[in-house]
Amino acid sequence: MTANHERHSENAFCMQFHELEKELNAKLRLIDKPAEYVSTPEEMKNLKSAGKSVQIYIYYPLEYAADYHLGYLRKYLNGPKRVLFVGMNPSTDGMLQHGIPFGNMSTVRRMGLQGEIKIPPQLHPDIKIEGMSWQKEEQSGERLWQLFEEMLSANPSNESEDFLDKFFKECFVHNFCPLGLYNANGKYLSPEDMTVEYKDYRKQMEEECLEILEKQLELLQPKIVIALGGYVHGLLEKKSAYCKKHLLLKMLHPSPKSSARSIFKKESKELLLNYNIFSENI
């Protein structure tokens, strides 16, 4: 196979994955949601004209940061992966800014990605999107990638190879839900937070996300799926046909707000070592 054919094959693979992401975004836009859930300036204007208040703000980073996110896929998703890490949904300081899962700014800059981020209209005064100009570090991503770097840099024979290149040889990081979600006060919401008044929307959202994730798993063919946190692990354990036939592990979520934050590094490192997650990378 020529180099051109190899590149075409790699691009075709990541584009299959990206088409599934676009399919999910389209389905999520079609979910029946209360008028109080807004994702565009037009929806907010109509709501205010009706004398009602916003209950939830919905952001679609894989649309306004599609070009940049596709750069991530083209660089790091060139075929099936042995291990897939699955998180929840975009955070303010990370994926909401640039479309990269668990993407703290210093790690994303280190990736050297190319692409345009089309800054969307501001919906909530406290939720700002500045793309790669954003200055705050996404703390969950920072803790996650620092752990990976420490473990993947342990082999002195491969010191010249960047840990990101080592990691993405056999692993990939993805989010279960691509939406940035915020309540009326601008407080970040994970799908796990969406109880009581949000439960109907959450149910529909989870069903659509699970359906597409199953297709993505069949495409990626990971031997090991690692859920970052109990919410994703619980869903996949109960409802993922793919995960019932493959090894599904639960890793502590790297959020500094987690009750298990003090033991995240120790417990996660033990898990990754016990299952030889990086054995083929280093």
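Let me sum up the structure you'll find in this document. Just so you know, the residues in each chain are numbered from 1, in the order the chain's sequence is written. Note on the predicted model: pLDDT of at least 70 is required for a residue's local features to be given, and 80 or more for side-chain atom pairs to be given and counted; whole-chain, interface and lining totals, by contrast, use all residues. Computation of side-chain values covers all heavy atoms of the structure but excludes hydrogens and water.

Quick look at the overall build of the chain
Counting secondary structure elements, the chain contains 12 helices and 8 strands. The dimensions of the chain, computed from C-alpha atoms along their principal axes, are 65 × 45 × 40 Å. Counting across all 282 residues of the chain, residues that qualify as buried make up 53%. Residue burial considers only the protein chains on display, and all accessible areas are found by Shrake-Rupley using a 1.4 Å probe. Accessible surface, the chain: about 13300 Å² in total, of which carbon and sulfur atoms supply 48%. In DSSP terms, a helix is any run of H or I states spanning at least four residues, a strand is any run of E spanning at least two, and both are numbered starting from the N terminus. Only protein chains enter the accessibility calculation, which uses a 1.4 Å probe; a residue whose area is less than 20% of its type maximum is buried, one above 50% is exposed, and one in between is partly exposed.

Points about the sheet that holds strand β3 (residues 83-87)
Two orientations exist for strands paired in a sheet by backbone hydrogen bonds: parallel and antiparallel. By definition, two strands form a pair when at least two bridges between them are found by DSSP. Within the open sheet, the 4 strands sit side by side as β4-β3-β7-β8. Their pairing is parallel. The sheet terminates laterally at β4 (171-175) and β8 (247-251), the two strands that pair on one side only. Averaged over neighbouring strand pairs, the angle between their axes works out to 25° when direction is ignored. Bridging between β3 and strand β7 (residues 224-228) involves 4 bridges; their strand directions are parallel. What sits directly across from valine 83, in β7, is isoleucine 224. Should any heavy atoms of two residues lie within 4.5 Å, those residues are considered in contact. With axes taken as lines fitted to C-alpha atoms, and helix axes fitted only over the stretch in contact, angles between N-to-C directions fall between 0 and 180 degrees. Most of the contacts of helix α10 (residues 230-239) go to β8, to which it runs at about 160°, and overall it touches β3, β7 and β8.

A short note on the nonpolar core
Within the largest apolar cluster, 89 residues are counted, with the highest numbers of intra-cluster contacts made by Phe85, Phe148 and Met251. In terms of residue count, the dominant contributor to this core is helix α9 (residues 199-220) (9 residues). The contacts of phenylalanine 85, once residues within four sequence positions are left out, are Phe148, Phe167, Cys171, Phe172, Val173, His174, Ile226, Leu228, Met251, Leu272 and Ile277. Residues belong to a common nonpolar core when they are buried Ala, Val, Leu, Ile, Met, Phe, Trp, Tyr or Cys residues joined through side-chain atoms within 4.5 Å.

A word on the side chain of histidine 98
Within the secondary structure layout, histidine 98 lies in helix α5 (residues 95-98). Polar contacts, as used here, are pairs of N or O atoms within 3.5 Å; protein pairs need one atom able to donate a hydrogen and one able to accept it. Residues neighboring in sequence count only if both atoms are side-chain atoms. Within the structure, histidine 98 has its side chain in polar contact with the backbone nitrogen of isoleucine 100 (distance 3.1 Å).

With respect to helix α7 (residues 139-152)
What a helix should span is 1.5 Å times the count of its residues minus one. Compared with the 20 Å implied by 1.5 Å per residue over 14 residues, the 20 Å span of α7 between its first and last C-alpha is a close match. For α7, the complete set of buried residues consists of Ser140, Gly141, Leu144, Trp145, Leu147, Phe148, Met151 and Leu152. Looking straight down α7, one finds that the buried residues subtend no more than 150° of arc, so they occupy a single side. Note that the arc is computed from the directions linking the helix axis to the C-beta atoms.

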